[in-house]
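# Observations on the three-dimensional arrangement
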Amino acid sequence: MEPGNGTQISEFLLLGLSQARELQALIFGLFLSMYVITVFGNLLIILAISSDSHLHTPMYFFLSNLSLVDICFTSTTIPKMLVNIQTQNKVITYEGCITQMYFYTLFVVLDNFILTVMAYDRFVAICHPLHYMVIMNPRLCGLLVLVSWIMSILNSLLESLMVLCLSFCSDLEIPHFFCELNQVIKLACSDTFLNNIMLYFLLVLLGGGPLVGILYSYSKIVSCICAIPSAQGKYKAFSTCASHLSVVSLFYGTCLGVYLSSAATQNAHSSATASVMYTVVTPMLNPFIYSLRNNDIKRALVRFFGR
């Protein structure tokens, strides 16, 4: 049966960020630079934390996990895009598209969960400092990360299996530089009502739920900080969560900006360009935010390179 009749197809066509050939070299160089900086920066954070016994605490345990997730997150999309530009071949196989979509969804949701767990860690540290080491014991920390992984894996598996049940029409061009779930569903010529319902339900549950948890944690943190009598004490308490708050604002700000702008303009290429912010720029900036604003990380990096 032909693709136009609704059978499963063998490949998609990724249109990328621009069709202009003169921009391809610029885009390639820019994205290659950002990818190298992202991998190198996050890898340095992981090495600094693992090599310094002073940083073997819950906060830095979660930070090392966030850095690992950020490396994996960008690695699901950018290398394939760079290969497509270099070879001038925009084709991605059906299996490759499903695989990319699975891992992209896995790591973006996992990023979300890790940020939520880090918010809970800061809440306990500031609001219950005397019981911090008792509450945030190694077993709980490991369990929180494990549950985050399991929920992310199950979510990605469910969404990927639902896409596998769809059939596709002859127009197989994805106006994006990677196989985004929403864009792939739009290409289906079978009924996508259940997919869309499930997509928005999971978006609210796994996106809105953690965001509410983060906002609740920070509302309690702000209340505790305001109750501290000295200005120095307030500054010290706020400085312990300033980096995390910056990363959360950057992650959710870019994600919401992408989806709100795409809903307003309905322009797929504009949405693809905007999505660069949270798929590439945010993971690249995270190491700078934590290393520049955190003296412990700075000292650990100095000791690491001083060996």
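What counts and what doesn't
- Residues numbered from 1 in each chain as written.
- Predicted model: local features only at pLDDT ≥ 70, side-chain atom pairs only at ≥ 80, totals over all residues.
- Heavy atoms only, no water.
- UniProt positions renumbered as here; feature names shortened; annotations may be inferred.
- Pairing = 2+ DSSP bridges.
- Helix = DSSP H or I, 4+ residues; strand = E, 2+ residues; numbered from the N terminus.
- Contact = heavy atoms within 4.5 Å.
- Axes fitted to C-alpha atoms, helices over the stretch in contact; angles between N-to-C directions.
- Parallel < 35°, antiparallel > 145°, perpendicular 65-115°, else oblique.
- Left-handed = near helix turned anticlockwise from the far one by under 90°.
- Nonpolar A, V, L, I, M, F, W, Y, C, P; charged D, E, K, R; others polar.

In the nomenclature of an unreviewed UniProt entry, the protein chain corresponds to Olfactory receptor from the organism Myotis brandtii. According to UniProt, the comment filed for the protein chain under the heading Function (unreviewed entry) is "Putative odorant or sperm cell receptor."

Spatially, the three strands line up as an open sheet ordered S2-S1-S3, and their pairing is mixed. If you trace the sheet from one side to the other, it starts and ends with strand S2 (91-93) and strand S3 (173-174), each paired once. Strand contacts of helix H4 (residues 94-127): strand S1 (11-14), S2 and S3, with the helix running at about 80 degrees to S2, the strand carrying the most contacts.

Turning next to the environment of Leu106. Along the polypeptide, Leu106 turns up in helix H4. Considering only alpha carbons, one finds Leu106 and Ser156, 50 residues apart in sequence, at a separation of 5.3 Å. Here Leu106 is in contact with Trp149, Ser152, Ile153 and Ser156, once residues within four sequence places are set aside.

Take the side chain of Asn42 next. As for its placement among the helices and strands, Asn42 is situated in helix H1 (residues 21-51). Among all residues touching Asn42, those that are not within four sequence positions of it are Ser67, Asp70, Ile71, Pro283 and Pro287.

Between H4 and helix H6 (residues 138-164), the shortest axis-to-axis distance is 8 Å and the interhelical angle comes to 150 degrees. Judged on the interaxial angle alone, H6 and H4 are roughly antiparallel. Viewed along their axes, H4 and H6 form a crossing whose handedness is right-handed. Tallied by class, residues from the contact of H4 with H6 come to 18 nonpolar, six polar and one charged.

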